[in-house]
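Chain residues, written in single-letter form:
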Amino acid sequence: MALTLDQLNAAAPDEALRLLDGLYEHSPWVVQRALAQRPFATLAALQWALVQSLAAATRDEQLGLIRAHPELAGKAMVANTLTAESTGEQSRAGLTHCTPDEFAQLQRLNADYNARFGFPFILAVRGPRGSGLTRQQIIAAFERRLGNPVDFEREEALRNIHRIAEIRLGDKFGVEPELGHRVWDWHEALAQHSDPGFKEQGQLTVTYLTDAHQACQRELMARMRESGFDEVGIDAVGNVVGVYHGQSPDAKRLLTGSHFDTVRNGGKYDGRLGIFVPIACVERLHRAGRRLPFGIEVVGFAEEEGQRYKATFLGSGALTGHFNPAWLDQTDADGIRMQDAMRAAGLPGTLDAIAALRRDPARYLGFVEVHIEQGPVLNEMGLPLGVVTSINASVRHVGEVIGMASHAGTTPMDRRRDAACAVAELALYLEQRAAQDGDSVATMGLLQVPGGSINVVPGRCAFSLDLRAPTDAQRDALERDVLAQLSAICERRGLGHRLERTMIAAAAPSAPDWQARWERAVAALGLPVHRMPSGAGHDAMKLHEVMPQAMLFVRGENSGISHNPLESTTSHDIELCVLAFEHLLNGL
């Protein structure tokens, strides 16, 4: 019979410890210390108490816990001396059925890992959905983490131990995050669509109005219809829009959503989580036959990343009336004009149709967005959710430095007009200048010598600038200094340069009343409220220009990495996010 929180809260200390036996491998002290925080209102509150218990432990205690774990497919498995929990987990991952080559590879990895770190490799082999990683995924994680710094890897081992305990806790209480599984599966299905050249390599890339993009549109529409939305369609810029009416079709609406396009070789959750979570909430309302006093409008924004065209926030910008008419004449890498791409995708491609998308703020309560954090903060804290206080201001440029291509062997060092060296100098300056502010960031994400050759001094060097700061004034000061440094470098080196600003976005502080709603939703789950800024830009920045907005962050796995195939989250965290969103809706 499954354990209940009432039983745990009422049990004597020794009995409570026995009820949670096996959560942490041969280390009951973690649970014993967490039980001092009883009573627990929710499983999430119990999980947080366990996180705090381990975080407060000494370094030696933490290392002892790590070393209490068996190797994956190691000596304990061969000798059949694993705990029942570890036996089930390693068996479910197929580690008890390794081929001889896989077993030998795992033995080598175990030896190399122990030699480097002094403790066994810990991985939650049941994975982000709880259904088990493949042996290939386990080996890939093993190989990747061998390159981590020692202190970082120790913390990563502890994070995986908490994930193992979270799954074991669900087993004891007979609780599966079914909502989270459902939304997790939706992400997997949508990720099957990817642009040519990337799909063949198993990489996820979906750029504006490609065949893969249009396949995503169709799948999102189908998901909305199945979930009970009253109106579903594609608008004049390719946004997927679903409306679930309130008790009156004329009632004001809550606007929500995020983007479904991706960066090249990106992750499955960036943007898409903010579409699927509210869809799941609407599905639950529909199945319960419930209508709220307000409508819910979910928008899957067609473009946010600026990958195919230099038109970042195109989808959300159309809703705020900030679509730039010049974008229609932009061409992509294949010379296809945006307007032609729109018409080929069945969109009108006219300014009149796009202008008609502008929303009347008086018809909306506000805009809320759920998003994966895209950073390490929540992951390092062991917290599944965070409330966003403000989205940082940002500005982007693309540019080129122009020098003189010349022979690498015959051009003396003091006669060179090397465009690449100038840009390299600027890249180092970005690092130094952003660090002066502490909370500013500066990135040169694109760096290329067009038509370069190993034996030619670069005559041209193309590059990008991405500058971000918590306030508009701080961003502007950073931008001024970087552009002044570029001019100074080029003048000193006798080079020319050109620069084009492709995007600027103001800082977007959360509306206090909407931020408070998210805070109440998180607290209702039994979790502490952690407030944090967003360093990444989001569609909420655009909606902020016309209506109140606030965001909720969800923890990312793998140190919160994003814009990367390793981007991940768990069914448990997704479920908490859906429940938080549902709480916000009910609170309205």
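Residues numbered from 1 in each chain as written. Predicted model: local features only at pLDDT ≥ 70, side-chain atom pairs only at ≥ 80, totals over all residues. Heavy atoms only, no water.

Thoughts on the side chain of H245
Inference 1: Within the secondary structure, H245 is located in the loop between strand 2 (240-244) and strand 3 (253-259).
Inference 2: A polar atom in the side chain of H245 sits 2.9 Å from the side chain of E231. (Helix = DSSP H or I, 4+ residues; strand = E, 2+ residues; numbered from the N terminus. Polar contact = N/O pair within 3.5 Å; in protein donor to acceptor, adjacent residues only side chain to side chain.)

Brief notes about the pattern of salt bridges
Inference 1: Tallied over the entire structure, the rule returns 39 salt bridges.
Inference 2: R18 is the partner of E15 in a salt bridge, and the nearest nitrogen-oxygen pair spans 2.6 Å. Highlighted residues: E15 and R18, both in helix 2 (residues 13-19), separated by three residues, approximately one helical turn.
Inference 3: Ionic contacts of the salt-bridge type, sharing partners, join the residues D151, R154 and E155 into one network. (Salt bridge = Lys/Arg side-chain N within 4 Å of Asp/Glu carboxyl O.)

Concerning the environment of A473
Inference 1: Note that A473 resides in helix 19 (residues 472-493).
Inference 2: Relative accessible area serves as the criterion here: at 57%, A473 is assigned to the exposed category.
Inference 3: When the C-alpha positions of A473 and A393 are compared, they lie 8.9 Å apart, and in sequence the two are 80 residues distant. (Buried < 20%, exposed > 50% of the residue type's maximum accessible area, 1.4 Å probe, protein only.)

Details of the side chain of S316
Inference 1: Locating S316 in the fold gives a position in helix 14 (residues 314-320).
Inference 2: Overall, S316 belongs to the buried group, its relative accessible area being 0%.

Focus on helix 8 (residues 100-117)
Inference 1: Here helix 8 spans 26 Å end to end across 18 residues, near enough to the 26 Å set by a 1.5 Å rise per residue.
Inference 2: Among the residues making up helix 8, those that are buried are E102, L106, L109, N110, Y113 and F117. Down the axis of helix 8, the smallest arc covering the buried residues is 105°, so these residues share one side. Exposed residues pointing more than 90 degrees away from the buried face of helix 8 are listed as P100, D101, R108 and A115.
Inference 3: Of the surrounding secondary structure, the elements contacted by the buried residues of helix 8 are helix 9 (135-145) and helix 10 (150-173). (Expected span 1.5 Å × (residues − 1). Arc of directions from axis to C-beta. Contact = heavy atoms within 4.5 Å.)

A closer look at the packing of aromatic side chains
Inference 1: Summed over the entire model, instances satisfying the criterion amount to 11 aromatic pairs.
Inference 2: Arranged with centres 5.3 Å apart and planes meeting at 75°, the rings of Y113 and F121 form a pair that is edge-to-face.
Inference 3: Looking at F121, the relative accessible area reads 1%, which means it is buried.
Inference 4: Taken together, a centroid distance of 5.7 Å and an interplanar angle of 75° make the contact between W518 and F581 edge-to-face. You can see W518 sitting in helix 20 (residues 512-524) and its partner F581 sitting in helix 22 (residues 571-587), a full 63 residues away along the chain. Taken individually, W518 and F581 each receive the classification buried, so the pair is uniform in this respect.
Inference 5: The rings of Y113, F117, F119, F121 and F142 are connected pair by pair, giving a single aromatic cluster.
Inference 6: Across the ring face of F152, the terminal group of R159 is positioned such that the distance to the ring centre comes to 5.5 Å. (Phe/Tyr/Trp six-rings, centres within 6.5 Å; stacked < 30°, edge-to-face > 60°. Lys NZ or Arg CZ within 6 Å of the ring centre and 35° of its normal.)

Section: unusual backbone geometry
Inference 1: The step from R38 to P39 runs through a cis peptide bond, and the omega angle for that step is 0°.
Inference 2: With respect to the helices, strands and loops of the structure, P39 is situated in the loop between helix 3 (29-34) and helix 4 (43-55).
Inference 3: You will see that H563, though not glycine, has its phi angle at about 55°, which is positive.
Inference 4: Overall, H563 belongs to the partly exposed group, its relative accessible area being 40%.

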